[in-house]
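# Descriptive structure summary
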Amino acid sequence: SIIGLTRTGAKPSEIVREAALFCSRNQDGFGGLATLTIAARLAPMLSEETLYHALLRGIVEIADNSGNAPRRPRQELDGEAYPSGQLKRWFRHWVRSRHRDGAERVLLTAIARGQLPAEISDLLFAGVSDRIYADGGHLFDFTNKALELLDIIGWEHAAEILPLVVRQIVNARGGEELAHWSHPVDIVGPLRRIEAELPEVLGAGSRHGWNGDESLTQTLLGDDPLKILQALREALELGAEPAVLSRRVAYAAALRLARFPKTNEVGDWFNAQHTFNFANAVHQAVRRNPTPDVVRALFHAAMAVYHDRFLNVPAAKLPGANGSLDGLPKGAAELRALLLKTLDQRSEIDEAGRIVARYVRLGHPFEPLVDA
């Protein structure tokens, strides 16, 4: 069906919209939609064949998750127009109370009253980030993916798509409920104090300029959580753009993955991967609408990076640092073919990284590499 639709001229966004709306009618969660959204966002960089496989994977996930009872429809609140601030307070109250009906009806009310996408995103992320690093970062990532999906298929479908993440929002567990966020160093208390001060901090920072240096990255990768929090707070006070800082945090999370040694347990990889997914979602959310209730999540992401520090002991060498890349081919097509051949073998982690580093450093087109 996907091949037939594509050959008759259907756009990827149209196929994605039909699958997403099917999901909204036939399941009670976001299962499969994250993969489908990733495929849709990558579509401009993918060949026809690769895009087919990506769409197929997402749609099959949706079909596999659609055997249970669908989401029960709920109605928005009756009455006059409600101020956006009041709806946001109500939403956060019902999320903290773990009351799905209340949270979902408030969300539907905000959508029905015509709130702008920026206001909707602020409301959602305020509820999500009330819990620190909720569900290991998955919750923030799924919420971000739901907003990205609406950017693709149209915000007129918000009332059908966004309620699919509410059950997980209200049921999530946060870092404040887990021992390693409070022992041996209390991180929750300092985080909550910074969150309370953020409106004033962001207001002060807007009056200054900030010239950050690379030392911030080393601080983010360090072993002093309070120093990390203070460095980010001071950068905001000095006028750093929140999106610049969220990008730095996401880069630090990426370095945790790049420096993950093969001596670690394979399962430990998922800790660093989840942190990077979360940090990326935070960066996208901050770019979308840098309100205090969104910006506080970059501090949560920085602490998740801190908690993964033991996964870089000893730190793996970055590609090219353990020997020259000059022995590899120079041609773009040759390097892509060699990458696929390498991925067909087991445990060739370092070699795959060297090939990609060689390709990027030679300045070859990025899109074909993504497609490969």
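Small disclaimer: the values here were computed from a predicted structure and weren't measured.

A tally of regular secondary structure across the protein chain gives 19 helices and zero strands. The principal-axis extent of the C-alpha atoms belonging to the protein chain is close to 70 × 55 × 40 Å. Looking at the 372 residues of the protein chain, the share that counts as buried comes to 46%. Of the contacts made within the protein chain by residues no fewer than 6 positions apart, 77% connect residues no fewer than 24 positions apart. Counting only carbon and sulfur atoms, one obtains 52% of the accessible surface of the protein chain, whose full area is about 18,300 Å². Considering the protein chain, the positive charge centre built from 43 side chains and the negative charge centre built from 46 side chains are found 1 Å apart.

With the rule as written, the count across this model stands at 29 salt bridges. A salt bridge links aspartate 130 to arginine 96, with the nearest nitrogen and oxygen atoms 3.2 Å apart. Of this pair, aspartate 130 sits in the loop between helix H7 (117-129) and helix H8 (138-153) while arginine 96 sits in helix H5 (residues 84-96), and the two are 34 residues apart along the sequence. The salt bridge involving arginine 288 is made with aspartate 151; its shortest N-O contact spans 2.8 Å. Of this pair, arginine 288 sits in helix H15 (residues 269-288) while aspartate 151 sits in helix H8; the two residues are 137 residues apart in sequence, bridging distant segments of the chain. A single salt-bridge network, built from bridges that share partners, covers Lys88, Arg92, Arg96, Asp122, Asp130, Glu176, Arg192, Glu195, Asp293 and Arg296.

Interhelical geometry of H7 versus helix H16 (residues 292-307) gives an angle of 40 degrees and a closest axis separation of 8 Å. Considering the angle they form, H7 stands oblique to H16. In the packing of H7 onto H16, the handedness of the crossing is left-handed. Residue-level contacts link Asp122, Phe125, Ala126 and Ser129 of H7 to Asp293, Val294, Arg296, Ala297 and His300 of H16. Counted by class, the contact of H7 with H16 contains four nonpolar, two polar and three charged residues.

The next subject is helix H14 (residues 242-258). Compared with an ideal rise of 1.5 Å per residue, which puts 17 residues at 24 Å, H14 spans 24 Å between its outermost C-alpha atoms and is within 8% of the ideal. Listing the buried residues of H14 in full gives Pro242, Leu245, Ser246, Arg248, Val249, Ala250, Ala252, Ala253, Leu255, Arg256 and Leu257.

Let us now look at the packing of aromatic side chains. Under the definition given, this model contains seven aromatic pairs. Between phenylalanine 125 and phenylalanine 140, the ring centres sit 4.4 Å apart and the planes meet at 20 degrees, which makes this aromatic pair stacked. Here phenylalanine 125, found in helix H7, pairs with phenylalanine 140, found in helix H8; they are 15 residues apart in sequence, far enough to count as distant. Take phenylalanine 140: its relative accessible area is 2%, and that puts it in the buried class. Judged by centre distance (6.1 Å) and plane angle (40 degrees), the rings of tyrosine 133 and tryptophan 181 are tilted. One end of the pair, tyrosine 133, is in the loop between H7 and H8; the other, tryptophan 181, is in the loop between helix H10 (166-171) and helix H11 (188-205), and 48 residues separate them in sequence. Judged by its relative accessible area of 13%, tyrosine 133 is buried.

Scoring rules and cut-offs
Residues numbered from 1 in each chain as written. Predicted model: local features only at pLDDT ≥ 70, side-chain atom pairs only at ≥ 80, totals over all residues. Heavy atoms only, no water. Helix = DSSP H or I, 4+ residues; strand = E, 2+ residues; numbered from the N terminus. Buried < 20%, exposed > 50% of the residue type's maximum accessible area, 1.4 Å probe, protein only. Contact = heavy atoms within 4.5 Å. Areas by Shrake-Rupley, 256 points an atom, 1.4 Å probe, with all protein chains shown as cover. Lys, Arg positive; Asp, Glu negative; His and termini not counted. Charge placed at Lys NZ, Arg CZ, Asp CG, Glu CD. Salt bridge = Lys/Arg side-chain N within 4 Å of Asp/Glu carboxyl O. Axes fitted to C-alpha atoms, helices over the stretch in contact; angles between N-to-C directions. Parallel < 35°, antiparallel > 145°, perpendicular 65-115°, else oblique. Left-handed = near helix turned anticlockwise from the far one by under 90°. Nonpolar A, V, L, I, M, F, W, Y, C, P; charged D, E, K, R; others polar. Expected span 1.5 Å × (residues − 1). Phe/Tyr/Trp six-rings, centres within 6.5 Å; stacked < 30°, edge-to-face > 60°.

No statement about biological role is implied by the geometric values presented.
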